[in-house]
Amino acid sequence: MKSPLYVGLVHYPIYDKNFNVIATAITNYDLHDISRSAKTYGVKKYFIIHHVQGQLDMVHKIIGFWESTVGRKYNSYRTQAFDIVDIRSSIAAAVEAVTEAEGKPPYVVTTDARTYANTISYKNLRRKREEEDTPILLLLGTGYGMTKETMEQFDFILEPIYGAGDYNHLSVRSAAAIILDRLAGEEWWK
């Protein structure tokens, strides 16, 4: 049995391009596309991690539409994908929610384009999912990534996603889909 997998999209504390600490805006695309990928790969909850009320009001409005009769009739697949969305004000609140749901704290894992002492390969994290019962909370950063102090708190940092050339600037939505396929997708190589 595979250990439970959770995903969180972190909007604070995030660096901007000048390494100022900011809260990034929630995008409609991130909300829709990552929830669809997460649902496809069996993620238990997709946490939107943000603390600004105006941003959260927008999320509630979007989800409210898809949960309405009109939204359900228009595209029930969207409604189903939003069933796993949960909103938390901080990373700590998301960790607490997973711990409460699973009865034990999760491995907290994030991503980065660089490698660190606690970098883990997709193969090894997938093996942990298959052999251990510790839940995994995969955190995805927005903007120019989570602050260094935040990154230092995590159990593991996934190895970077490498493409075919020197260019390496995936959207968080694309990275989420690739990562979820590597961690929870079909074992096509067998």
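Labelled according to an unreviewed UniProt entry, the chain appears under the name tRNA (guanine-N(1)-)-methyltransferase C-terminal domain-containing protein, originating from Megasphaera cerevisiae DSM 20462.

Asker: What exactly am I supposed to notice about the overall build of the chain here?
Answerer: Across its full length, the chain carries eight helices and nine strands. Scaling as 2.2 N^0.38, a compact globule of 190 residues should have a C-alpha radius of gyration of about 16 Å, and the chain matches this with 16 Å. In terms of its C-alpha atoms, the chain occupies a principal-axis envelope of roughly 50 × 45 × 40 Å. Expressed as a percentage of the 190 residues in the chain, the buried residues total 45%. In the chain, 80% of the contacts between residues at least 6 apart in sequence involve partners at least 24 apart. By element, 51% of the accessible surface of the chain is carried by carbon and sulfur atoms, the whole surface being about 10400 Å². Taken as two groups, the 22 positive and 23 negative side-chain charges of the chain have centres that lie 5 Å from each other.

Asker: Mind showing me how you'd approach unusual backbone geometry here?
Answerer: Glycine aside, negative phi is the norm for most residues, and most peptide bonds take the trans geometry. In this structure, the amide linkage connecting Tyr-12 to the following residue, Pro-13, adopts the cis form with an omega of 0 degrees. Its place among the elements puts Pro-13 in the loop between strand S1 (5-10) and strand S2 (14-15). One non-glycine residue, Phe-19, lies in the positive phi region at around 65 degrees. With respect to the helices and strands, Phe-19 occurs in the loop between S2 and strand S3 (21-22).

Asker: Looking at this structure, I do not really get the side chain of Thr-79. What am I missing?
Answerer: Position of Thr-79 among the secondary structure elements: in helix H4 (residues 76-82). Polar side-chain contacts of Thr-79 include one of 2.5 Å to the backbone oxygen of Trp-66. Leaving out residues up to four positions away in the same chain, Thr-79 has contacts with Trp-66, Glu-67, Gly-71 and Arg-72.

Asker: So what exactly am I meant to see when it comes to the packing of aromatic side chains here?
Answerer: Two aromatic rings, taken as a pair, are described by how far apart their centres are and by the angle between their planes. The full count for this structure, using the stated rule, is six aromatic pairs. With a centroid separation of 6.1 Å and an interplanar angle of 15 degrees, the aromatic rings of Tyr-6 and Phe-47 are classed as stacked. In this pair, Tyr-6 is assigned in strand S1 and Phe-47 in strand S4 (residues 46-49), connecting sequence segments 41 residues apart. In terms of burial, Tyr-6 and Phe-47 fall into one category: buried. Through a chain of ring-to-ring contacts, three or more aromatic side chains come together here, namely Phe-65, Trp-66 and Tyr-74. Between Arg-78 and the ring centre of Trp-66, over which it is positioned, the NZ or CZ distance is 5.5 Å.

Asker: Just to check I follow, could you spell out the pattern of salt bridges for this structure?
Answerer: Pairs can form between side chains of opposite charge whenever their charged atoms are close. Summed over the entire model, instances satisfying the criterion amount to eleven salt bridges. For Arg-36, the salt bridge is made with Asp-33, and the minimal N-O distance between the two is 3.7 Å. Note that Arg-36 and Asp-33 are positioned in helix H1 (residues 28-40) at a spacing of three residues, about one turn of the helix. The class of Asp-33 is partly exposed, set by a relative accessible area of 28%. Salt bridges linked by common partners bring Asp-30, Asp-33, Arg-36 and Arg-173 together as one network.

Criteria and cut-off values
- Residues numbered from 1 in each chain as written.
- Predicted model: local features only at pLDDT ≥ 70, side-chain atom pairs only at ≥ 80, totals over all residues.
- Heavy atoms only, no water.
- Helix = DSSP H or I, 4+ residues; strand = E, 2+ residues; numbered from the N terminus.
- Rg over C-alpha atoms; globule rule 2.2 N^0.38 Å.
- Buried < 20%, exposed > 50% of the residue type's maximum accessible area, 1.4 Å probe, protein only.
- Contact = heavy atoms within 4.5 Å.
- Areas by Shrake-Rupley, 256 points an atom, 1.4 Å probe, with all protein chains shown as cover.
- Lys, Arg positive; Asp, Glu negative; His and termini not counted.
- Charge placed at Lys NZ, Arg CZ, Asp CG, Glu CD.
- Polar contact = N/O pair within 3.5 Å; in protein donor to acceptor, adjacent residues only side chain to side chain.
- Phe/Tyr/Trp six-rings, centres within 6.5 Å; stacked < 30°, edge-to-face > 60°.
- Lys NZ or Arg CZ within 6 Å of the ring centre and 35° of its normal.
- Salt bridge = Lys/Arg side-chain N within 4 Å of Asp/Glu carboxyl O.

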